[in-house]
Amino acid sequence: MNGESVSTFQFLGLTFNTTNIISGLLAATIVFVVVFVLSRKIQLKPTGKQNVLEWMIDFTNNIVRGSVTNGDAPKFGLYAFTLFLFIFVSNQLGMFLQIGWNGVTYVRSPTSDPVITLTLSLMTIMFAHFSGVEKLGFKRYFKNTYLTPFVFWLPISIFTELIDFLTLGLRIYGVIFSGEMLLKIIGGMAFSGGPLMTIATVPISLIWQGFSVFLGSIQAYVFVTLTSVYISQQVQIEE
Amino acid sequence: MLSQLVLGTSNTLYLGDMLFYAIVFIILMWLIKIFAWGPVTKMMKERADRIANDIDSAKKSREDAAKLAEQREAALKNSHAEASTIVSNAKDNGNKQRDQIVTSAQEEVQTLKQNAQTSIEQERKDALKGAQDDVASLSIEIASKIIQKELNAQDQKQLIDSYIEGLGKQNESR
């Protein structure tokens, strides 16, 4: 919403957005606590909690294995796992928890801010390129990424990388931001037209919230899938 | 300008946020690796290894069992053959021994019989010889008595009586 005030502070000459800091820390903490609790008492014969954790690990590992096929998959499993959980929790955070004070929202989905999604996207792209250099060596990496199929493909390749970076980040931002925006509008409607309006908006809000949860999960999945695709493009030589 | 266009709600590009998120994400990844990812993937790998080992060892033990059964069957067959050999050997031995015993008994009997015959023969011979000697001495005695005396009837009777008496005495002394 335009015109909403934002709380920022300066530190070491950099601008920080308080909302993003709090939300991000909260999301990271939730992810860590969940994983920490699930990973207590690891046994050879898995039971209860451990099954859940192993299912999640298998899930992200399968996403990675779907694109990275030449035995490099285990190296990217941890990144995909962390990324998936972090984005998933971030997406859902704003659905259940929006804390505002003095007209400033302090807790919401971190992924509803393009800066954050683009940061994650940039990290992914950088990680992919770094893995490519590590795997192939700089010369072959450069040739594989920018000069195939022709040398004069270079500008298009660079442009493609930029597009990948932007779409990866903005796709998730768009979905989550619009979801939260609509929730806010519905919330605003609920208190604008008397008790009848409030009752009428409850099912709409419920439906949209459910749909947003679904979208958030899908977006987390899509983000990790695309991440592994980009990684596989860098670490595997296309013939 | 661009940042304002893109970000919409914000007035400055929060470079700090980007840095913060990158750092938070890396720390999160590190923590997850230490507390969950490492142990769990290790355990999953261990489990995979264990399962593979179990399958292999199960296959091996099944093969071993089959081999053992085969060996046992062969041993059983062998033992049958061995048993029959032992029995037939024992029979042979028994037969042989029996024959031996019978033969030796027969031989012994033969020897005993011969010995007995020899001793009987000897005894007979001895007896005969004794009788001959007796008869000879008797005849000599009679002859001498006849020659020594002219005998009348009474004397003769006396003589005979004395002879018979002598015989009886001889018999008694024997």
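With an unreviewed UniProt entry as reference, chain B is termed ATP synthase subunit b, source organism Pediococcus damnosus. Here chain B is described in UniProt, under the heading Sequence similarities (unreviewed entry), as follows: "Belongs to the ATPase B chain family."

Chain A goes by ATP synthase subunit a in an unreviewed UniProt entry, where it is assigned to Pediococcus damnosus. Under the UniProt heading Sequence similarities (unreviewed entry), the entry covering chain A gives this text: "Belongs to the ATPase A chain family." You can read under Function (unreviewed entry) in the UniProt record for chain A the words "Key component of the proton channel; it plays a direct role in the translocation of protons across the membrane."

Undergrad: How should I be thinking about the packing of aromatic side chains in this particular structure?
TA: How two aromatic rings sit relative to each other is set out by the distance from centre to centre and by the angle between their planes. A full pass over the atoms with the stated rule returns 19 aromatic pairs over all chains. Seen from their ring centres, A:Phe36 and B:Phe35 are 5.1 Å apart, and the 75° between their planes marks the pair as edge-to-face. Here A:Phe36, found in helix H1 (residues 18–38), pairs with B:Phe35, found in helix H2 (residues 15–148), and the two come from separate chains. Given a relative accessible area of 28%, A:Phe36 falls into the partly exposed group.

Undergrad: Explain the confidence of the model for chain B here, please?
TA: In low-pLDDT segments, the atomic positions of the prediction should not be examined closely. Residues and elements named next belong to chain B. Summary statistics for chain B give a mean pLDDT of 83 and a share of 87% for residues scoring 70 or more. Averaged pLDDT values for the elements of chain B fall to 40 in helix H1 (residues 2–7) and rise to 89 in H2. Overall, residues 1–11 carries pLDDT values under 50, and its contacts beyond four positions in sequence, including any with other chains, amount to 13 contacts.

Undergrad: Got a minute to help me understand the side chain of A:Asn91 in this structure?
TA: With respect to the helices, strands and loops of the structure, A:Asn91 is situated in helix H3 (residues 73–96). Residue A:Asn91 is classed as buried on the basis of its relative accessible area, which comes to 0%.

Undergrad: Please clarify how the interface of chain B and chain A should be interpreted in this entry.
TA: When the parts come together, some accessible area is lost, and that loss is often what is quoted as the size of the interface. On the side of chain A, 46 residues touch chain B, which itself brings 32 residues to the contact. When chain B packs against chain A, close to 3600 Å² is buried across both sides, 80% of that on carbon and sulfur atoms. Seen at the junction of chain B and chain A, the total is one salt bridge. Mapped onto the side of chain B that touches chain A, the elements with two or more residues apiece are H1 and H2 of chain B. A total of 25 residues in the side of chain B that touches chain A trace back to one element, the largest contributor, which is H2(B). Here the residues of the side of chain B that touches chain A sort into 23 nonpolar, four polar and five charged.

Undergrad: How should the pattern of salt bridges be read in this particular structure?
TA: Two side chains with opposite charge may pair up if their charged atoms get near one another. All names here are of chain B. For the coordinates displayed, the defined rule picks out five salt bridges over all chains. Taking the shortest distance from any N to any O, the salt bridge between Lys45 and Asp49 comes out at 3.5 Å. One end of the pair, Lys45, and the other, Asp49, are both in helix H2, four residues apart, so they sit about a helical turn from each other. Judged by its relative accessible area of 39%, Asp49 falls in the partly exposed class. For the salt bridge of Glu121 with Arg124, the shortest nitrogen-to-oxygen distance reads 3.0 Å.

Calculation notes
Residues numbered from 1 in each chain as written. Chains lettered and ligands numbered in written order. Predicted model: local features only at pLDDT ≥ 70, side-chain atom pairs only at ≥ 80, totals over all residues. Heavy atoms only, no water. UniProt positions renumbered as here; feature names shortened; annotations may be inferred. Phe/Tyr/Trp six-rings, centres within 6.5 Å; stacked < 30°, edge-to-face > 60°. Helix = DSSP H or I, 4+ residues; strand = E, 2+ residues; numbered from the N terminus. Buried < 20%, exposed > 50% of the residue type's maximum accessible area, 1.4 Å probe, protein only. pLDDT = per-residue confidence, 0-100. Contact = heavy atoms within 4.5 Å. Buried area = accessible area lost by both parts, 1.4 Å probe. Salt bridge = Lys/Arg side-chain N within 4 Å of Asp/Glu carboxyl O. Nonpolar A, V, L, I, M, F, W, Y, C, P; charged D, E, K, R; others polar.

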